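Residues per chain are reported as follows:
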Protein chains: 2
Amino acid sequence: MQNVKLNHLAIVVDDLEAALRFWRESLGLVQAGPLQSVPAENVDIAFLALGDAHIELIQPTTSAGGVAKYLAKRGPGLHHLCLEVADLDAKLNELSSAGYELINETPRERDGRRYAFIHPKSAGGVLLELYERM
Amino acid sequence: MQNVKLNHLAIVVDDLEAALRFWRESLGLVQAGPLQSVPAENVDIAFLALGDAHIELIQPTTSAGGVAKYLAKRGPGLHHLCLEVADLDAKLNELSSAGYELINETPRERDGRRYAFIHPKSAGGVLLELYERM
C-alpha cells in the first residue's frame, strides 16, 4: 500500500547564500550538487540531502513568476511538498475523479522526470507536487 | 557529517477527517496510530507514515493557542519541519552561539522525546523543530 515517498520539501528564501549558511553550515545538512539557475522559472535553486529525499531551497531571481509572488505575499518559508508516486497518471486520474483540483491536468516533463501539482485548496492548503521517476 | 534526518513535517488543517480522506484514502499514505488529543496544546493530531518519517496533521480544537492563531492568520497548510539531530544540546548551543534565535533555549521534554523550536526568523521563515531521540 505504501507506494508514496517524500521526494523533496521546497523552501522559498530571499537569500540563497544566507539560507545555505543556516541549513548547511549551522545545521549540518549536506548540499547535493551545485547551485542551479532555472531561467525559465526565474529562480535559483540548491538542494540539501535529507535521507534519500531533499530540501530544495528556491530563490526568485526576478519579481516575475509564481515563486516571487509567493515570497512577496507570504514571506520566506515552507513552499511545497513533493511526493513520489509509482504511477503518476493513475494517481492524477484518481484524484481528479474524486473531485480534487489539479493545477496540471497533464503532467509536465523536465530533466527526465514527470510531475504535476495539485491545487492547495484540494490538498488542505498544501501546494503538493506529485512526481514519477521515469 | 549527515547526522540530521527528517522526523516529521507538520500540516495545520481545519478538518482532520477531510485531511485524512485526502492524504490517506486518496493519496494512499498509511496512517500511523490513532487520532490523538493533546488538550495541553488544544489540538488533535494524526500521523501518516512517510518512509521512516511522518506527516503530522494538526487540527486546533479551540481558538486558543499558537496553532489556532496560525490557522486563523495563514490558513491551512505546511506548518513546521522537524529534524532529528544526534545531540540536541550541542546543536542548540552551536546555533545560539552563531546568533540564531531559539524559541526554546532549554529543550522541552514529552513522551520520551526532547525537542526545541528555532525561531522562523532565524531559519529563513521556517518554523523548525529539532528533536533528539532519548
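Residues numbered from 1 in each chain as written. Chains lettered and ligands numbered in written order. Predicted model: local features only at pLDDT ≥ 70, side-chain atom pairs only at ≥ 80, totals over all residues. Heavy atoms only, no water.

Trainee: Summarise the layout of surface pockets; cite the residues concerned and give the values.
Mentor: Residues and elements named next belong to chain B. Roughly 500 Å³ of internal volume is contained in the second largest pocket. Around the second largest pocket sit 24 residues that line it, and Glu41, Val67, His79, His80 and Phe117 are the ones nearest its centre. Elements supplying a minimum of two residues to the lining of the second largest pocket: strand E3 (43-50), strand E4 (53-60), helix H2 (66-74), strand E5 (77-84), strand E6 (108-110), strand E7 (113-118) and strand E8 (127-133). Taken together, the residues that form the lining of the second largest pocket break down as 11 nonpolar, seven polar and six charged. (1 Å grid on protein atoms, 1.4 Å probe; cavity = no way out; pocket = protein on both sides within 12 Å on 5 of 7 lines; lining within 4 Å. Points joined across faces, edges and corners; volume = space filled by probe spheres on them. Helix = DSSP H or I, 4+ residues; strand = E, 2+ residues; numbered from the N terminus. Nonpolar A, V, L, I, M, F, W, Y, C, P; charged D, E, K, R; others polar.)

Trainee: Summarise the sheet that holds E5(B); cite the residues concerned and give the values.
Mentor: Residues and elements named next belong to chain B. Across the sheet, which stays open at both edges, the eight strands sit in the order E2-E3-E4-E1-E5-E8-E7-E6 with mixed pairing between neighbours. Unpaired on one side and paired on the other, strand E2 (36-38) and E6 mark the two borders of the sheet. The mean inter-strand angle of the sheet, taken between neighbouring strand axes irrespective of direction, is 30 degrees. Both E6 and E7 contribute to a ladder of three bridges, which runs antiparallel. Looking across to E7, one finds that Arg110 is bridged to Arg113. (Pairing = 2+ DSSP bridges. Axes fitted to C-alpha atoms, helices over the stretch in contact; angles between N-to-C directions.)

Trainee: I'd like a rundown of the interface of chain A and chain B, residues and numbers included.
Mentor: Where interface size is given, it is often the accessible area lost as the parts come together that is meant. Counting from both sides, the interface comprises 42 residues of chain A and, opposite them, 42 residues of chain B. Summing the contributions of chain A and of chain B, the shared interface buries around 3200 Å²; its carbon and sulfur component is 68%. In terms of surface lost to chain B, no three residues of chain A exceed A:Phe22, A:Leu27 and A:Leu78, which account for 18% of the buried area on that side. On inspection of chain A and its partner chain B, the count reaches nine residue pairs in polar contact (both at pLDDT 80 or more). The set of elements that each furnish at least two residues to the side of chain A that touches chain B consists of strand E1 (5-12), helix H1 (16-26), strand E3 (43-50), strand E5 (77-84), helix H3 (88-97) and strand E8 (127-133) of chain A. A class-by-class count of the residues in the side of chain A that touches chain B yields 26 nonpolar, 10 polar and six charged. (Contact = heavy atoms within 4.5 Å. Buried area = accessible area lost by both parts, 1.4 Å probe. Polar contact = N/O pair within 3.5 Å; in protein donor to acceptor, adjacent residues only side chain to side chain.)

Trainee: So, helix H1 (residues 16-26) of chain B: which residues are in play, and what are the values?
Mentor: Within the sequence span of H1(B), burial applies to B:Leu16, B:Ala19, B:Leu20, B:Phe22, B:Trp23 and B:Ser26. Count one or two residues on from H1(B) and you reach B:Gly28, which has phi positive near 95 degrees. (Buried < 20%, exposed > 50% of the residue type's maximum accessible area, 1.4 Å probe, protein only.)

Trainee: Before we move on, can you summarise the pattern of salt bridges with the specific residues and values?
Mentor: Residue and element names in this part refer to chain A. By the definition in use, this model includes 20 salt bridges over all chains. The shortest N-O distance in the salt bridge between Lys121 and Glu101 comes to 3.2 Å. Of this pair, Lys121 sits in the loop between strand E7 (113-118) and E8 while Glu101 sits in the loop between H3 and strand E6 (108-110), and the two are 20 residues apart along the sequence. Of the charged contacts, one joins Glu129 and Arg113 as a salt bridge, the two residues approaching to 3.3 Å between their closest N and O atoms. Highlighted residues: Glu129 in strand E8 and Arg113 in strand E7, separated in sequence by 16 residues. Within this structure, Asp89, Glu109, Arg114 and Glu132 form a network of salt bridges that share partners. (Salt bridge = Lys/Arg side-chain N within 4 Å of Asp/Glu carboxyl O.)

Trainee: Describe the pairing of E4(B), with residues and values.
Mentor: Residues and elements named next belong to chain B. Most of E4 sits out of view: seven of its eight residues are buried. Bridge count for strand E1 (residues 5-12) against E4 is five bridges, and the pairing is parallel. The partner of Leu9 across the bridge, within E4, is Ile55. Where E3 meets E4, eight bridges bridge the pair, whose relative direction is antiparallel. The residue of E4 that forms the bridge with Val43 is Pro60.

Trainee: Tell me about the environment of A:Asn7, and name the residues and values.
Mentor: Residue and element names in this part refer to chain A. Position of Asn7 relative to the elements: it lies in strand E1. The exposure class of Asn7 is buried, given its relative accessible area of 14%. Placed 77 residues apart in sequence, Asn7 and Glu84 show a C-alpha to C-alpha distance of 5.5 Å. Dropping the residues within four chain positions of it, Asn7 is found in contact with Ala53, His54, Cys82, Leu83, Glu84, Tyr131 and Arg133. A distance of 3.0 Å separates a polar atom in the side chain of Asn7 from a polar atom in the side chain of Glu84.

Trainee: An account of the side chain of B:Ser122 is requested, with residue identities and associated values reported.
Mentor: Among the secondary structure elements, B:Ser122 is positioned in the loop between E7 and E8. Given a relative accessible area of 11%, B:Ser122 falls into the buried group. Excluding anything up to four places from it in sequence, B:Ser122 contacts A:Phe22, B:Tyr100 and B:Glu101.

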